[in-house]
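Fold and contact review
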Amino acid sequence: MNRADVEGKIVFFNRPMQADLISTFEAYGGCVDQRYDGAREAAKLGAVGTIVRSMNLRLDDLPHTGAMSYGNTPVNVRIPSAAISTNDAERLSGILKIDPKVKFYFKQNCKQLKDVQSYNVIGQITGSQYPNEIIVVGGHLDSWDLGDGSHDDGAGCVQSMDVLRLLKETGVRPKRTIRVVLFMNEENGLRGGRKYAEIAKRKGEKHIFALESDSGGFTPRGFSFDGPDYKINQILNWKPLFEPYLIHYFKKGGSGADIGPLKNKNLVLAGLRPDSQRYFDHHHAANDTFDAVNKRELELGAATMTALIYLIDKYGFNSIEQKNKIKD
Ligand SMILES: [Zn+2]
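Residues numbered from 1 in each chain as written. Predicted model: local features only at pLDDT ≥ 70, side-chain atom pairs only at ≥ 80, totals over all residues. Heavy atoms only, no water.

Observations regarding empty space enclosed by the protein
The test is simple: Here a cavity is any set of points on a 1 Å grid over the protein atoms alone where a 1.4 Å probe fits but cannot get out, and a pocket is any open set with protein on both sides within 12 Å along at least 5 of 7 lines; a residue lines the site when it has an atom within 4 Å of a point. Grid points are joined across faces, edges and corners, and a volume is the space filled by probe spheres set on the points. Note that Gly is not counted as nonpolar here; it falls among the polar residues with everything else outside the nonpolar set of Ala, Val, Leu, Ile, Met, Phe, Trp, Tyr, Cys and Pro and the charged set of Asp, Glu, Lys and Arg.
Summed over the entire model, instances satisfying the criterion amount to one cavity of 30 Å³ or more. Approximately 30 Å³ is the volume found for the largest cavity. Lining the largest cavity, in full, are Ser143, Trp144, Leu146, Gly147, Gly149, Asp152, His284, Ala285 and Asp288. In terms of residue class, the lining of the largest cavity is built from three nonpolar, four polar and two charged.

Next comes the structure, spelled out in structure tokens:
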């Protein structure tokens, strides 16, 4: 972009998500700068507004919303920005090829409301042997308002609660404390996750593992892990136990936004990794609704999470001293 091209104009960002990446989250990551930073960058060059192609691999008529930032741009020079559906983006792109001088009009009535007090929701089974060792499992309660947030992240919330239910139903009495945390305000600034970590630190709570489900209620494929290698390697040894259920993805990588603030050098963080092919069909759009969640896929995710939590509760993590002893 340069000033001569965009000054006084509406800038149209139309870079599609890269379809040849198997991880749609990677494709999203490579694209979302258009929505997040586009208006701020275009405003610097004198643009009057921005239109963004929705972050969606599928061609349909649904606009997808999401976080954006004006950075430190003063309020009086901020420009409006809107997402249009992928079909509309294709249409607009076609029209622009025929007539580069086409006029585009848009009007918005969105506004930022004042903050209100809200809460994380927490429940736990207190450990029978090591009650001070805490294993967290969670998702986030809030969602964008154009759908009902069933995949993002109602699925993660019910799966996390289901971990406790499944442990109870199978008669497992956890040795460590298993705590479900339904985090508030992930989408708009991670306030629940930050507050949870802040209070945990203040109380001197010892978290040994945290698992988040925030990638949709689709068929589980495995987990990604973040933390010390020797602990992650211990978990990787359990991979064969999951493989008969077609759960095979055990890799070092990201975990979840809400549990991120808990990160320290001893803690293992993990994210459930479901099949990601349909996630962005629904993400932050009006079709992120209850009917789009397959009950069986959702339940398989909850069972997968429970199995991992069960193993971590049962065996704990080897201390670095134990680990060195095994090596010797
Ligand atoms: Zn989410």
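The rest of the description comes next.
Topic: the packing of aromatic side chains
Quick reminder of the rule: Ring pairs are drawn from Phe, Tyr and Trp, using the six-membered ring of Trp, whenever the two centres fall within 6.5 Å, and their geometry is named by plane angle: stacked under 30 degrees, edge-to-face over 60, tilted for the rest. With a 1.4 Å probe rolled over the protein chains alone, any residue whose accessible area is under 20% of its type maximum counts as buried; one over 50% counts as exposed, and the rest are partly exposed. A run of H or I in DSSP counts as a helix once it spans at least four residues, and a run of E counts as a strand once it spans at least two, with each numbered from the N terminus.
On inspection of all chains with the given rule, the structure shows 13 aromatic pairs. Relative to Phe225, the ring of Phe223 has its centre 6.0 Å away and its plane inclined at 40 degrees; by these criteria the two rings are tilted. Take Phe223 and Phe225: they sit in the same class, and that class is buried. Ring geometry for Phe225 versus Phe250: centroids 5.9 Å apart, planes at 40 degrees, classification tilted. Highlighted residues: Phe225 in strand β8 (residues 220-226) and Phe250 in strand β9 (residues 249-252), separated in sequence by 25 residues. Each member of the pair, Phe225 together with Phe250, is buried.

Regarding the coordination of the zinc ion
For a metal bound by four donors in tetrahedral geometry, the ideal donor-metal-donor angle is 109.5 degrees, whereas six donors in octahedral geometry ideally sit at 90 or 180 degrees. Our working definition: With water excluded from the atoms, a metal site may look incomplete; its donors are any N, O or S atoms within 2.8 Å, or within 3.2 Å for Na, K and Ca.
The protein atoms donating to the zinc ion are His140 (NE2), Asp152 (OD), Asp214 (OD) and Asp214 (OD), with metal-donor distances spanning 1.8 to 2.7 Å. Within one chain, the residues donating to the zinc ion are spaced in sequence as H-x11-D-x61-D. Here Asp152 lies in helix α6 (residues 150-169) and His140 lies in strand β5 (residues 130-140), a separation of 12 residues in the sequence. Asp152 carries the same exposure label as His140, and that label is buried.

Quick look at the nonpolar core
Cut-off, in case you're wondering: Among buried residues, the Ala, Val, Leu, Ile, Met, Phe, Trp, Tyr and Cys ones that are joined through side-chain atoms within 4.5 Å form a nonpolar core. Any two residues whose heavy atoms approach within 4.5 Å are treated as being in contact.
Grouped together as the largest cluster of nonpolar side chains are 30 residues, with contacts concentrated most on Phe209, Phe225, Ile235, Leu308 and Ile312. Those elements that place two or more of their residues in this core are β5, α6, β6 (176-183), β7 (206-212), β8, α8 (229-236), β10 (268-274) and α11 (295-315). A total of five residues in this core trace back to one element, the largest contributor, which is α11. Once residues lying within four places of it in the same chain are set aside, the contact partners of Phe209 are Ile134, Ile135, Val136, Ile235, Leu267, Val268, Ala270, Leu308, Ile309, Ile312 and Phe317.

Quick notes on unusual backbone geometry
The omega angle of the peptide bond from Asp152 to Asp153 is 10 degrees, so this bond is cis rather than trans. Of note, Asp153 is situated in helix α6. A positive phi angle is found at Leu190, which is not glycine, with a value near 65 degrees. You can see Leu190 is positioned in the loop between β6 and α7 (191-203). For Leu190, a relative accessible area of 15% translates into the label buried.

A short note on the pattern of salt bridges
Here is the rule: By salt bridge we mean one thing: a side-chain nitrogen of Lys or Arg within 4 Å of a carboxyl oxygen of Asp or Glu.
Inspection of every chain in the model, using the stated rule, returns 22 salt bridges. The salt bridge partner of Arg58 is Asp281, with a shortest N-O separation of 3.8 Å. Of this pair, Arg58 sits in the loop between β2 (49-53) and β3 (81-84) while Asp281 is found in helix α10 (residues 279-282), placing the two residues 223 residues apart along the sequence. On the accessibility criterion, Asp281 (12% relative accessible area) is buried. For Asp226, the salt bridge identified is with Lys263, shortest N-O distance 3.0 Å. Remark: Lys263 occurs in the loop between β9 and β10 and Asp226 occurs in strand β8; sequence separation between them is 37 residues. It is possible to trace a salt-bridge network through shared partners that takes in Arg58, Asp60 and Asp281.

Let's talk about the sheet that holds β6
Worth spelling out the cut-off: Paired strands, as defined in this entry, are two strands with at least two bridges between them according to DSSP. Axes here mean lines fitted to C-alpha atoms, for a helix over just the part in contact, with angles spanning 0 to 180 degrees between N-to-C directions.
Taken together, the seven strands give an open sheet; going across it, the order is β4-β6-β5-β7-β10-β8-β9, and neighbouring strands pair in mixed fashion. With one partner strand each, in any of the chains shown, β4 (121-125) and β9 form the two edges of the open sheet. The average undirected angle you get between the axes of adjacent strands in this sheet is 20 degrees. Strands in contact with α6 are β4, β5, β6 and β10; relative to β5, the strand with the most contacts, it is inclined by about 145 degrees. Packing of α7 onto the sheet brings it into contact with β4, β5, β6 and β7, and relative to β6 it is tilted by some 145 degrees.

Topic: the domain arrangement of the chain
This is how it is decided: Domain segmentation is taken from an automatic or database assignment of domains. Summed over both partners, the accessible area (1.4 Å probe) lost when two parts come together is defined as the buried area. Throughout this description, a polar contact denotes any pair of N or O atoms lying within 3.5 Å of each other; where both atoms belong to protein, one of them has to be capable of donating a hydrogen while the other can accept it, and for residues adjacent in sequence the pair is counted only when both atoms sit in side chains.
Per the domain assignment, the segments of the chain are domain 1 (3-98) and domain 2 (121-319). Here the C-alpha centroids of domain 1 and domain 2 sit 31 Å apart. Between domain 1 and domain 2, the residue contacts involve 17 residues of the former and 15 residues of the latter. Buried area between domain 1 and domain 2, both sides added, is near 1,300 Å², and the carbon and sulfur share of it is 61%. Taken together, the links from domain 1 to domain 2 amount to one salt bridge. Taken together, domain 1 and domain 2 are joined by four residue pairs in polar contact (both at pLDDT 80 or more). With three residues, the top contributor of residues to the side of domain 1 that touches domain 2 is helix α2 (residues 24-29).

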